[in-house]
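# Close look at the chain arrangement
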Amino acid sequence: MTIKTMTAVALVSLMVALSASAGQKFGADRHVARGIACTMCHGPDMKNPNYPDENTCTQCHPKDAMAAKTAKLTPNPHKAPHNGDCTLCHMQHEPTVNYCAQCHKFDFPKVP
Ligand code: HEC
Ligand code: HEC
Ligand code: HEC
Ligand code: HEC
């Protein structure tokens, strides 16, 4: 490859990466991009949206299945003895946080 084609290839892949992430900044955007409508989390009346809680999330992400997926982590973020509500960590319209880190020092991987 010449330098010119290499630059072009790099530019194109950068553009593809940028457009893939456009509008998918937060969890809700990523859900919507996968075809999950606002109403799946907020109920049918978007003028008075329901405030989602854990039961909203576990319809599609059963708690036991989540705990099994991350069983190798200690402690398991999906089997917390306290403060385990999904949306304490997986905020959907703002950056996610490791909620436990307010009080503990756990090595969780980045919260998606
Ligand atoms: C109507 C079904 C549905 C509901 C309700 C739902 N999700 Fe999802 N979620 C999905 C699907 C489908 C994916 C993509 C496949 C996968 O990773 O399981 C996904 C992916 C994710 C991911 C992976 C990372 C990402 O953002 O791309 C996280 C974290 C997540 N959901 C958290 C939540 C939380 C927290 C709630 C509740 C506020 C929730 N989900 C409600 C269907 C749902
Ligand atoms: C303590 C913070 C925390 C809480 C509370 C939490 N999670 Fe997670 N979640 C994580 C972390 C960290 C990961 C990434 C784990 C990994 O990379 O192995 C993750 C990953 C996920 C994923 C993506 C798993 C995949 O397919 O790769 C989904 C979906 C998810 N969580 C849903 C939930 C749901 C539903 C709840 C509530 C029942 C919940 N989480 C509660 C921290 C949390
Ligand atoms: C995967 C579930 C999910 C999807 C899809 C989703 N939201 Fe949300 N929404 C939440 C959660 C969880 C909160 C609570 C705050 C947070 O976690 O960021 C919230 C909060 C809100 C609030 C504030 C509600 C209040 O009472 O303070 C509004 C408004 C809102 N969402 C609108 C939307 C719109 C519009 C869409 C579609 C473009 C959407 N949401 C898609 C989960 C979701
Ligand atoms: C507001 C502070 C606070 C937050 C936030 C918090 N913890 Fe704790 N945690 C404590 C305190 C204080 C103790 C020790 C007291 C006790 O053992 O009950 C503790 C004890 C524990 C223990 C050991 C005791 C047991 O019950 O097994 C585990 C494991 C734990 N926390 C996990 C978590 C996880 C996972 C999260 C995030 C989902 C979290 N904590 C969030 C304050 C917190």
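This text goes with the structure placed above it.
The rules behind the values
Residues numbered from 1 in each chain as written. Chains lettered and ligands numbered in written order. Predicted model: local features only at pLDDT ≥ 70, side-chain atom pairs only at ≥ 80, totals over all residues. Helix = DSSP H or I, 4+ residues; strand = E, 2+ residues; numbered from the N terminus. Buried ≥ 20, exposed ≤ 12 C-beta atoms within 10 Å, placed from the backbone. Contact = placed C-beta atoms within 7 Å. Near = placed C-beta within 6 Å. Nonpolar A, V, L, I, M, F, W, Y, C, P; charged D, E, K, R; others polar.

## Focus on the overall build of the chain
- In terms of regular secondary structure, the chain is built from six helices and zero strands.
- Shown N-terminal to C-terminal, the secondary structure of the chain runs as helices and strands in the order α-α-α-α-α-α.
- Classification of the 112 residues of the chain by burial places 4% in the buried group.
- If you take every contact in the chain between residues at least 6 apart in sequence, the share linking residues at least 24 apart comes to 29%.

## A word on the site of ligand 3
- Near ligand 3, the surroundings consist of 17 residues, among which Ala28, Cys38, Cys41, Gln92 and His93 are the closest.
- Of the residues belonging to the shell around ligand 3, the class tally is 10 nonpolar, six polar and one charged.

## Some details on the environment of Ala65
- Residue position: Ala65 is located in helix H5 (residues 63-69).
- Separated by 13 residues in sequence, Ala65 and His78 place their C-alpha atoms 9.2 Å apart.

## Section: the site of ligand 4
- Ligand 4 sits among Pro75, Pro77, Ala80, Pro81, His82, Asn83, Gly84, Tyr99, Cys100, Gln102, Cys103 and His104.
- Looking at side-chain class alone, the shell around ligand 4 contains seven nonpolar, five polar and no charged residues.

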